[in-house]
Amino acid sequence: ALAARTSRLHGLTAALSEAVALDGVARAVVAQGRTAVGAISGEVRLLADGGTMFETIHGEGQGLSAAAGDRVAVEPGFCATEAVRSLKPVFVTSFDEWQARYPKDASLAADGGYVSSATVPLLVEGAAIGVLAFYFTAPVNFDQEYRELLVSVAQDCAQALDRARLYEAAQAARADAEAANRLKDEFVSIVSHELRTPLNAILGWTAMLRRADADPSMTTRALQSVHDNAARQARLIDELLDFSKVTSGRVTLAREPVAVGELLRGVVESLIPAAVSKHLALEVPQAPAAAVIGDKARLEQVFFNLLGNAIKFTPEGGRVTVDFAVESGRVSVRVADTGLGIDPEFLPFVF
């Protein structure tokens, strides 16, 4: 008997050393623990919600109604409650004793045909993190040796479960850190793109003004574009400094009437230097008067991205066309260019 019991404990220890995740450890605890102590059924329940609830991590055997993830309140009438509060094992040797001491547990035990049980607290540094429970369909005499065996099994299981919890917490922290790094990279990429757009327009117009053959009549137009883009960049910087919006991921939309044609003309003016530097024909027909309810700053970003990409990816000497139409109460803006474009099969994945 001693040799058989020792072999079972070795099996339990080996299984616990191989399992890493919390679910895997709980499965090994129940499967090997049942064999080691000769129980019909077993389950692992851990404390949750600040110690107010028991959550079943894993249970197996006949008649067990609790499944992984099931929760029950930590309240009187349960063997598990007594075990975590007293920090001592609770042994029930007969069904009559069960009914008298733990009536809530007894009603569940009757459904599974159990007549005795052992509920041992899982202790880590003197504090209970949950319970390990085994159930039997025959009366069991829990002598001192048997009790010591159950406590020993619970100690090994508690250490393995705590190790698994720490491992999962470390994995979760690592995943959060990696996600934060990805978000930071995406944020920096977007910020650099948005800030560079008005800056490029400012540099382009000032470079054109500094040319010896610059047309004097262009001065007013250039200064207006420089002013508009400087104001646009100042607004972007103000948005970046509002860290409450950045960290929460909120985008506030300022809904107001926006003259789309006027807005589009301002964007085109800002991008003229970039088009000129590549000798591109930028065709923008006279836009009809039309207003929409929208966020002017966000619409500017949309048009800057569309036109900016068209100019960026169109070879020198090419053409970029902007079409503007009002149809059935809707404003339609279409940007087309003579660049390579995008493979139609890839279009569904672009956005």
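Here we summarise the structure given alongside this text. (Residues numbered from 1 in each chain as written. Predicted model: local features only at pLDDT ≥ 70, side-chain atom pairs only at ≥ 80, totals over all residues. Heavy atoms only, no water.)

Within the secondary structure layout, Asp49 lies in the loop between strand S1 (41–48) and strand S2 (53–60). Once the C-alpha coordinates of Asp49 and Ala73 are considered, the two residues, 24 residues apart in sequence, prove to be 9.9 Å apart. Polar contacts involving the side chain of Asp49 include one to the side chain of Arg71, which spans 2.6 Å. (Helix = DSSP H or I, 4+ residues; strand = E, 2+ residues; numbered from the N terminus. Polar contact = N/O pair within 3.5 Å; in protein donor to acceptor, adjacent residues only side chain to side chain.)

Another aspect to go through is the pattern of salt bridges. In the structure shown here, the tally under the stated rule is 8 salt bridges. We note a salt bridge from Arg174 to Glu178, for which the minimum N-O separation is 3.3 Å. Taken together, the residues Arg174 and Glu178, both in helix H6 (residues 144–210) and 4 residues apart, mark about one turn of the helix. Exposure remark for Arg174: the relative accessible area of 54% places this residue in the exposed category. Since its relative accessible area comes to 37%, Glu178 is described here as partly exposed. Residue Arg334 pairs with Asp323 through a salt bridge whose shortest N-O separation is 3.6 Å. Here Asp323 lies in strand S10 (residues 319–327) and Arg334 lies in strand S11 (residues 330–337), a separation of 11 residues in the sequence. (Salt bridge = Lys/Arg side-chain N within 4 Å of Asp/Glu carboxyl O. Buried < 20%, exposed > 50% of the residue type's maximum accessible area, 1.4 Å probe, protein only.)

The next point concerns the sheet that holds strand S5 (residues 116–124). An order of S3-S2-S1-S6-S5-S4 is seen for the 6 strands of this open sheet, with the pairing classed as antiparallel. Of all the strands in the sheet, just strand S3 (71–73) and strand S4 (90–92) have a single pairing partner and so form its edges. When strand polarity is set aside, the average angle formed by the axes of neighbouring strands in this sheet is 25 degrees. The strands touched by helix H2 (residues 22–37) within the sheet are S1, S2 and strand S6 (127–136), with S2 carrying the most contacts at an inclination of about 65 degrees. (Pairing = 2+ DSSP bridges. Axes fitted to C-alpha atoms, helices over the stretch in contact; angles between N-to-C directions. Contact = heavy atoms within 4.5 Å.)

Turning next to the layout of surface pockets. Size it by volume and the second largest pocket reaches roughly 550 Å³. Contributing to the lining of the second largest pocket are 15 residues, with Asn309, Ala310, Phe313, Asp337 and Ile342 lying nearest its centre. When residues of the lining of the second largest pocket are traced back to their parent elements, those giving at least two are helix H10 (296–312), S11 and helix H11 (347–350). (1 Å grid on protein atoms, 1.4 Å probe; cavity = no way out; pocket = protein on both sides within 12 Å on 5 of 7 lines; lining within 4 Å. Points joined across faces, edges and corners; volume = space filled by probe spheres on them.)

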